[in-house]
Amino acid sequence: MIGRDRSRLADCRRRLNESPLGAAALAGTSFPIDRHMTAVALGFDHPAANSLDAVSDRDFAIEFLAAAAIAGSSGPVAGRPTGGGNGRPSRG
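Source: prediction; values computed, not measured.

1. Here's the deal with the pattern of salt bridges
A side chain with one charge can pair with a side chain of the opposite charge if their charged atoms come near.
So, point 1. Under the criterion given, the structure shown has three salt bridges.
So, point 2. Between R8 and D5 there is a salt bridge; the shortest N-O distance is 2.9 Å. Here D5 and R8 lie together in helix 1 (residues 2–16), a separation of three residues that amounts to about one turn.
So, point 3. Residue class for D5 comes out buried when judged on its relative accessible area of 10%.

As structure tokens, then:
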């Protein structure tokens, strides 16, 4: 379960790791900036491909919260029993 949770969060990070810098409010900026250089300098994989998507997209919040909710609802951390296989906690 933990492996799947880590994989979900890694996939989320991979999709969200793009820099919105240079998208401005919608249609880009007239300032002569190098979006690829600033993205790398800030630790992003690449700049956002679409400026409208960069400033109006909210998928990142939904995707992260979904992955975190799934991770938080699985395993012994969430209070589920860890032993026996019959739904009851093991006696130790």
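Next, the rest of the story.
2. Describing the packing of helix 1 against helix 4 (residues 59–72)
So, point 1. Here helix 1 crosses helix 4 at 170°, and the two axes come no closer than 9 Å. Between helix 1 and helix 4, the angle falls in the class roughly antiparallel. Seen from helix 1, the contacting residues are D5, R8, L9, D11, C12, R15 and L16; seen from helix 4, they are F60, E63, F64, A67, A68, I70 and A71.

3. Some points on the confidence of the model for the chain
So, point 1. Here the chain averages 79 in pLDDT, and 76% of its residues register 70 or above.
So, point 2. The spread of mean pLDDT over the elements of the chain runs between helix 3 (residues 51–56), the lowest at 78, and helix 2 (residues 35–41), the highest at 90.

4. Re the environment of A48
So, point 1. In this fold, A48 is placed in the loop between strand 2 (46–47) and helix 3.
So, point 2. Take A48: its relative accessible area is 5%, and that puts it in the buried class.
So, point 3. Expressed as a C-alpha distance, the spacing of A48 and G22, which sit 26 residues apart in the sequence, is 8.9 Å.

5. Examining the layout of surface pockets
So, point 1. If you add up the space inside the largest pocket, you get close to 260 Å³.
So, point 2. Lining the largest pocket we find R15, L16, E18, P20, A48, D53, A54, D57, R58, D59, F60 and E63.
So, point 3. Every element with two or more residues in the lining of the largest pocket is listed here: helix 1, helix 3 and helix 4.
So, point 4. Of the residues forming the lining of the largest pocket, the biggest block, three residues, is contributed by helix 4.
So, point 5. Looking at side-chain class alone, the lining of the largest pocket contains five nonpolar, no polar and seven charged residues.

6. Some words on a nonpolar patch on the surface
So, point 1. There is a patch of nonpolar side chains on the surface, built from L9, L16, F60, F64 and L65 and spanning about 430 Å² of accessible area.
So, point 2. If you list the elements that add at least two residues to the nonpolar patch, you get helix 1 and helix 4.
So, point 3. For the nonpolar patch, the leading source of residues is helix 4, giving three residues.
So, point 4. Relative to the elements of secondary structure, L16 occurs in helix 1.
So, point 5. What makes L16 partly exposed here is its relative accessible area of 30%.

Parameters at a glance
Once a new chain begins, its residue numbering starts again from 1 and follows that chain's sequence as written. Since the coordinates come from a predicted model, pLDDT governs what is reported: local features require at least 70, and pairs of side-chain atoms require 80 or more to be given and counted, while whole-chain, interface and lining totals use all residues. Heavy atoms from the whole structure form the basis of all side-chain values; hydrogens and water molecules are not counted. When a carboxyl oxygen of Asp or Glu is within 4 Å of a side-chain nitrogen of Lys or Arg, the pair counts as a salt bridge. Each helix is a run of H or I in the DSSP string that is no shorter than four residues. Each strand is a run of E no shorter than two, and both are numbered from the N terminus. Residue exposure (1.4 Å probe, protein chains only): buried if accessible area is under 20% of the type maximum, exposed if over 50%, otherwise partly exposed. Angles run from 0 to 180 degrees between N-to-C directions of axes, and those axes are lines fitted to C-alpha atoms, restricted for helices to the stretch in contact. Roughly parallel means an angle under 35 degrees; roughly antiparallel, over 145; roughly perpendicular, 65 to 115; everything else is oblique. A contact between two residues is defined here by any heavy atoms of the two lying within 4.5 Å. Note: pLDDT gives the predictor's confidence per residue, expressed from 0 to 100. Residues are said to line a cavity or pocket when one of their atoms sits within 4 Å of a point; the points come from a 1 Å grid over protein atoms alone, cavities being sets where a 1.4 Å probe fits but cannot get out and pockets being open sets with protein on both sides within 12 Å along at least five of seven lines. Grid points are joined across faces, edges and corners, and a volume is the space filled by probe spheres set on the points. Each residue receives one of three labels: charged for Asp, Glu, Lys and Arg, nonpolar for Ala, Val, Leu, Ile, Met, Phe, Trp, Tyr, Cys and Pro, and polar for the others, Gly being one of them. Each patch is built from residues lacking any salt bridge and having more than 30% relative accessible area; the joining distance is 9 Å for like charges and 5 Å for nonpolar side chains (Val, Leu, Ile, Met, Phe, Trp, Tyr). Note on areas: these come from Shrake-Rupley sampling with a 1.4 Å probe, and a residue is covered only by the protein chains present in the view.

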